Amino acid sequence: MKSSLNPEAPEFHPNLTSVSQDGYRSIGKSVKTSNQFPAGSSLDICKTSTEYICVTSKLRENVVNQSNGIITTELPNTKLQIGENAGDENGGSLSEWNESPENAQASSSTSIDSQNIPRPQISFKDPVDNSESLWVPKISDKPNNILPLALNILYNKQGEPIGYRHPYKVELKLYHPPAKFIEPDTDIFPYPQPLEKTPLTYITTEEQVDSLVKHLSEVDELAVDVEHHSYRTFQGITCLIQISTIKGDFVIDALAVREHIHKFNLSFTDPRKVKILHGAKMDILWLQRDFGVYIVGLFDTYYAAQTLKLSNLSLKYLLKHYCEVEVDKRFQLADWRIRPLPEEMINYARSDTHYLLYIWRKMKSDLLKADGGQPQLLLSVFQQSKRVCGTTYNKQVVHENSHLDLYIRSKKSFNSRQMAALKLLYKWRDTHARELDESIIYLLPNHMMLSLAETLPREVQGVLAICTPLPSFVKQNVLELHKMLLSCRELPIEPQLYQMPQSISNMANLMNESQFSCDVHDLSCHPEYSDDQPVDLDRNVENIENCSEFGPNIQAFKAKSDRELNNTVVSNLNVEAKLFIPPFDRYRKYRTLAQIEEIKEFKEKEAKITAIGKGNEFIKTEVLVKMKEVKSVAEPRNKVDNQIKEAPNEAKNSGDGCSQKPAQYIKNRSAHKKNVKLPSTSKDDKNEPKPKNNDKLNKSKNKPETKNESYFNYKNVNYKKFNNENEQKTPKQTKNKNKKK
């Protein structure tokens, strides 16, 4: 309180002004710092970093301690504790890395910043090849072979090389597990001893590798696991190999004896030995890539759990289910390049193989029991494991459409500018990652690249705001990155060319139209599921088959049979309809009918065009239609002709046959002209009988007319013929007249 405002008031805190001002500054600085912490998808990326988790755990502990110091002055009995999910908005447990202050100190003391670890690939004798050239297997000798070693290149249909044939392809094809691995065990396999009582050998020299190879040649069962690092290298590095036998556990420093690990092919490819791994797909590829090591005779406990239809397929669940062991997974995402390895990380690595031999025996027994003592299920697991062993490592190659996989997974909708930016950034990031031997996630995470392509910021500050926390590579190349985004921003917007695949669209439409997508709130009958609950595959199949049971219990929304739905009039005037049809469904039905009509009309037009080109029955139908049209036009003319035929023959020149049809008249007249002499022009000759050759003409005169006679076509008549006859007739008549005179 300022004394100038109240001079008589005592100064109970002389430094109150400075304390309040310093407090405000501290609070503002704390708020500003807290706003810079990552959130959402950025937090998920940061949580994969060991140093980030250690720092946040320490900060959380400091905040709790300072808060307790403030609260105890007013509430001595109240004390804050570090919660399990405190500071984790996604429900993830940072406390897995720090369950107590003691563990937090241990973790912070043993963890080393990844940026300070020397890059082990620099000291490799075989240099790292990150180019897109074909990967060549590193195997130099082939123990336990049926055919000698031969590296054969595989080609695609276009004649381009795509990889090398698996060196042990023939051996894998002919592999069959020995009888002792598919028959019931006569002796009970002992439960493994705790880690503290089990011998451990940490291998860092070639002599130790040779000793282990000799030991593996004496056993028939061995459990194997691999620890891998891929955050600070492009292709990835195998840092650790764990092997467990009945004699103990062996942890191999793969960075120290990298060039000698190929010697394990003597045991790993021996078909008389069984190799137990869990989820061996990536381990198989990593062993091939870094050491040229292959496996023949694999039993993958992942496929065994899948065959036994267990509720969970993870190794953590198998350890809990068969061994009653809770495994600490806080080092699952640790940086395995750290040397020397802390004891906690070594114990974590041992636990992945220490119990696998016992789990293999228990799962073998369960598979035999599930099949009534028959080995079919057990052989199916060996068959699936053999298929995994047959996979071959190949380098990652970036082509023109590699960015589309990331785009589809993001479920975003980009225009042509944004798609061009995403394609450019994807290729730019891949090129630099190969040159620097860094992972693409370390240089520029996927969520940041998608945000940059979607936003296309105009200013450099926009790029920095999106990339939070700012990767060092982006900070060094922010100007180049900004220029690429501006160049894409200046491109013209073209019609949408990139759409979801038809299979995904169909699946989305199917899910929207299914009974699970109800727009009502009465879903109490729908069972609840969560990620924490175990997955029961049989129950899920039954639920899908009986999906009609899921839905709102409202009579108006209950579906009827297809016949009843077809009989229901989809109209707003159908007030007596028992089934409610939403407006959108009504519109969809009308739209379907309209589309059917359009398709029908289009097919008719298409059929006409096709018929004109081929000349089929359709043309005949069209011709008949045209003939009917002609007949309808000719009917009035036929009526007039019929009236003329029925009229009395009172014409003066009846002998000329004018009452007949023109065609018959022309025919008879020409015949009369050829065979009959010209009659005399005297009056006495007029009453003489007509020549015999005119009998046909008379008969045709008296013959009744038929109604089905076709109309005469006057277009084909040769009128010049009549003109010639008239010209010839006129002189003859003139001569006859002159004679009479």
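Residues numbered from 1 in each chain as written. Predicted model: local features only at pLDDT ≥ 70, side-chain atom pairs only at ≥ 80, totals over all residues. Heavy atoms only, no water.

Notes on the overall build of the protein chain
Applied cut-off: Elements are defined by DSSP. Helices are runs of H or I of four residues or more, strands are runs of E of two residues or more, and each kind is numbered from the N terminus. Only protein chains enter the area calculation, which uses a 1.4 Å probe; residues under 20% of their type maximum are buried, those over 50% are exposed, and those in between are partly exposed. Note on contacts: a residue pair qualifies if any of its non-hydrogen atoms lie within 4.5 Å across the two residues. All accessible-area figures derive from a Shrake-Rupley calculation using a 1.4 Å probe, and residue coverage is judged against the displayed protein chains alone.
Within the protein chain one finds 29 helices and eight strands. Within the protein chain, the proportion of its 741 residues that are buried is 33%. Considering only contacts in the protein chain between residues 6 or more positions apart, those separated by 24 or more positions represent 68%. Accessible surface, the protein chain: about 48,200 Å² in total, of which carbon and sulfur atoms supply 54%.

A word on unusual backbone geometry
With omega at 0°, the peptide bond leading from Arg 339 into Pro 340 counts as cis. Relative to the helices and strands, Pro 340 resides in the loop between helix H11 (315-323) and helix H12 (343-354). Across the junction of Thr 468 and Pro 469, the peptide omega takes the value 0°, indicating a cis bond. Along the chain, Pro 469 falls in the loop between helix H19 (460-466) and helix H20 (472-476). Phi angles above zero are rare outside glycine, and Lys 309 is one such case at about 60°.

Digging into the pattern of salt bridges
Put simply, the rule is: Salt bridge, as applied in this entry: a Lys or Arg side-chain nitrogen positioned within 4 Å of an Asp or Glu carboxyl oxygen.
Applying the stated criterion across every chain yields a total of 27 salt bridges. With its nearest N and O atoms 3.7 Å apart, the salt bridge here joins Arg 434 to Glu 132. Here Arg 434 is found in helix H16 (residues 416-436), whereas its partner Glu 132 is found in the loop between helix H4 (101-110) and strand S1 (153-155), with 302 residues between them in sequence. Look at the salt bridges and you will find they share partners, linking Asp 126, Lys 138, Arg 258, Arg 289 and Asp 290 into a network.

Here we look at helix H18 (residues 446-455)
When we look at burial in H18, the residues that qualify are His 447, Met 448, Met 449, Leu 450, Leu 452 and Ala 453. Leu 456 sits one or two positions beyond H18 and adopts a positive phi of about 50°.

Describing a nonpolar patch on the surface
What counts is decided by this rule: A residue counts toward a patch only above 30% relative accessible area and without a salt bridge, and it is joined to like-charged neighbours within 9 Å or, for Val, Leu, Ile, Met, Phe, Trp and Tyr, to nonpolar neighbours within 5 Å.
On the surface, a nonpolar cluster with roughly 350 Å² of combined accessible area is contributed by Ile 146, Leu 147, Val 170 and Leu 174. Of note, Val 170 is situated in helix H5 (residues 169-173).

Here we look at the nonpolar core
Most often, soluble globular proteins keep nonpolar side chains buried together rather than apart. The line we're drawing: Within this scheme, the nonpolar core is defined by two criteria: the residues are buried Ala, Val, Leu, Ile, Met, Phe, Trp, Tyr or Cys, and they are joined through side-chain atoms within 4.5 Å.
Membership of the largest hydrophobic core comes to 69 residues, with the highest contact counts inside it found for Ile 241, Ile 243, Phe 264, Phe 268, Phe 299 and Phe 382. Beyond its immediate chain neighbours, meaning those up to four positions away, Phe 268 contacts Leu 216, Leu 222, Val 224, Ile 243, Lys 275, Leu 287, Val 293, Tyr 294, Ile 295 and Val 296.

Side note on the sheet that holds strand S6 (residues 248-253)
Formally: Here the rule is simple: two strands pair whenever DSSP picks up at least two bridges between them. Between N-to-C directions, angles cover 0 to 180 degrees, with each direction set by a line fitted to C-alpha atoms, over the stretch in contact for helices.
Ordered in space as S3-S6-S5-S4-S7-S8, the six strands form an open sheet in which the pairing is mixed. Looking at which strands have only one partner, the edges of the open sheet turn out to be strand S3 (200-203) and strand S8 (298-300). On average, each strand axis in the sheet is tilted by 25° relative to the strand beside it, whichever way the strands run. Summarising the sheet, strand S4 (residues 221-229) and strand S7 (residues 274-277) pair through three bridges and their orientation is parallel.

Notes on the packing of aromatic side chains
For clarity, the cut-off: Pairing of aromatic rings covers Phe, Tyr and the six-membered ring of Trp, with a centre-to-centre limit of 6.5 Å; geometry is then stacked below 30 degrees between planes, edge-to-face above 60, and tilted otherwise. Charge over a ring is defined by NZ of Lys or CZ of Arg lying within 6 Å of the ring centre and within 35 degrees of the ring normal.
Overall, the coordinates contain 13 aromatic pairs when judged by the stated rule. Taking 6.3 Å as the distance between ring centres and 75° as the angle between the ring planes, the aromatic pair formed by Phe 181 and Trp 360 counts as edge-to-face. Here Phe 181, found in helix H6 (residues 179-182), pairs with Trp 360, found in helix H13 (residues 356-370); they are 179 residues apart in sequence, far enough to count as distant. Of the two residues, Phe 181 and Trp 360, both sit in the buried class. When the ring of Phe 264 is compared with that of Phe 268, the centres are 5.9 Å apart and the planes differ by 25°; the resulting orientation is stacked. Just as Phe 264 is buried, Phe 268 falls in that class too. Residue placement shows Arg 232 over the ring face of Tyr 442; its charged tip is 4.0 Å from the ring centre. Seen from the ring of Phe 124, Arg 258 lies directly overhead, with NZ or CZ sitting 4.0 Å from the centre.

Let's talk about H16
As a reminder, the rule being used: Multiply 1.5 Å by the residue count of a helix minus one, and that product is the helix's expected span. Polar contacts, as counted here, are pairs of nitrogen or oxygen atoms within 3.5 Å of one another; within protein the pair requires one atom able to donate a hydrogen and one able to accept it, and residues that are adjacent in sequence qualify only if both atoms are side-chain atoms.
A rise of 1.5 Å per residue sets the reference length of H16, with its 21 residues, at 30 Å; its end C-alpha atoms lie 30 Å apart and thus fit the reference within 8%. Where H16 begins, one side-chain oxygen reaches toward the backbone nitrogen of Arg 417, 3.2 Å away; that side chain belongs to Asn 415.

With respect to the side chain of Glu 221
Within the secondary structure, Glu 221 is located in strand S4. Overall, the relative accessible area of 11% leaves Glu 221 in the buried class. Within the structure, the side chain of Glu 221 is placed 3.5 Å from the side chain of Trp 360, a separation counted as a polar contact. Of the polar contacts made by the side chain of Glu 221, one reaches the side chain of Arg 361; its length is 2.8 Å. Not counting residues within four places of it along the chain, the set of residues in contact with Glu 221 comprises Phe 181, Phe 189, Ser 244, Thr 245, Val 274, Leu 357, Trp 360 and Arg 361.

Brief notes about the confidence of the model for the protein chain
Selection rule: The predictor's confidence in any single residue is recorded as pLDDT, a number from 0 to 100.
Confidence in the prediction of the protein chain, expressed as mean pLDDT, is 75, and 62% of residues score 70 or more. The low-confidence segment residues 547-552 (pLDDT under 50) makes 16 contacts with residues lying over four places distant or belonging to another chain. Counting interchain partners and residues more than four positions distant, the pLDDT-below-50 stretch residues 729-741 has four contacts.

Comments concerning the environment of Leu 277
Its location among the elements puts Leu 277 in strand S7. C-alpha separation for the pair Leu 277 and Thr 353, spaced 76 residues apart in sequence, amounts to 8.1 Å.

Brief notes about the environment of Ser 402
Mapping Ser 402 onto the fold places it in the loop between helix H14 (376-389) and helix H15 (403-410). As a C-alpha pair, Ser 402 and Tyr 426 span 24 residues in sequence and 8.2 Å in three-dimensional space. The contacts of Ser 402, once residues within four sequence positions are left out, are Val 397 and Tyr 426. Reaching out from Ser 402, the side chain makes a polar contact with the backbone nitrogen of His 399 at a distance of 2.8 Å.

So, the packing of H16 against helix H21 (residues 478-489)
Test applied: For this classification, under 35 degrees means roughly parallel, over 145 means roughly antiparallel, 65 to 115 means roughly perpendicular, and everything else is oblique. By the definition used in this description, the sense in which the near helix is turned from the far one sets the handedness, with an anticlockwise turn below a right angle giving left-handed and a clockwise turn giving right-handed. In this count, Pro and Cys sit with the nonpolar residues alongside Ala, Val, Leu, Ile, Met, Phe, Trp and Tyr, while Asp, Glu, Lys and Arg are called charged and the others, Gly among them, polar.
At a minimum axis separation of 9 Å, H16 and H21 run at an interaxial angle of 150°. Classed by the angle they form, the pair H16 and H21 counts as roughly antiparallel. When the axes of H16 and H21 are compared, the crossing they make is right-handed. Across from Arg 417, Ala 420, Ala 421, Leu 424, Leu 425, Trp 428 and His 432 in H16, the residues of H21 making contact are Glu 480, Leu 481, Met 484, Leu 485, Ser 487, Cys 488 and Arg 489. Partitioning the contact of H16 with H21 into residue classes produces nine nonpolar, two polar and three charged.

Some points on the packing of H11 against H13
For the pair H11 and H13, the least separation of the axes is 10 Å and the interaxial angle reads 75°. Taken as axis vectors, H11 and H13 run roughly perpendicular relative to one another. The segment H11 lies against H13, with Leu 315, Leu 318, Leu 319, Tyr 322 and Cys 323 engaging Leu 356, Tyr 358, Ile 359, Lys 362, Met 363 and Asp 366. In terms of residue class, the contact of H11 with H13 is built from nine nonpolar, no polar and two charged.

A closer look at the side chain of Lys 364
Residue placement: Lys 364 occurs in helix H13. Engagement of the side chain of Lys 364 in a polar contact is seen with the backbone oxygen of Lys 180, the distance being 3.0 Å.

Let's talk about the pairing of S6
The buried fraction of S6 amounts to six of the six residues, a majority that puts the element mostly inside the structure. Pairing of S3 with S6 involves four bridges; the strand directions are parallel. Bridged to Tyr 202 within S6 is Val 251. As paired strands, strand S5 (residues 237-245) and S6 are joined by six bridges and run antiparallel to one another.

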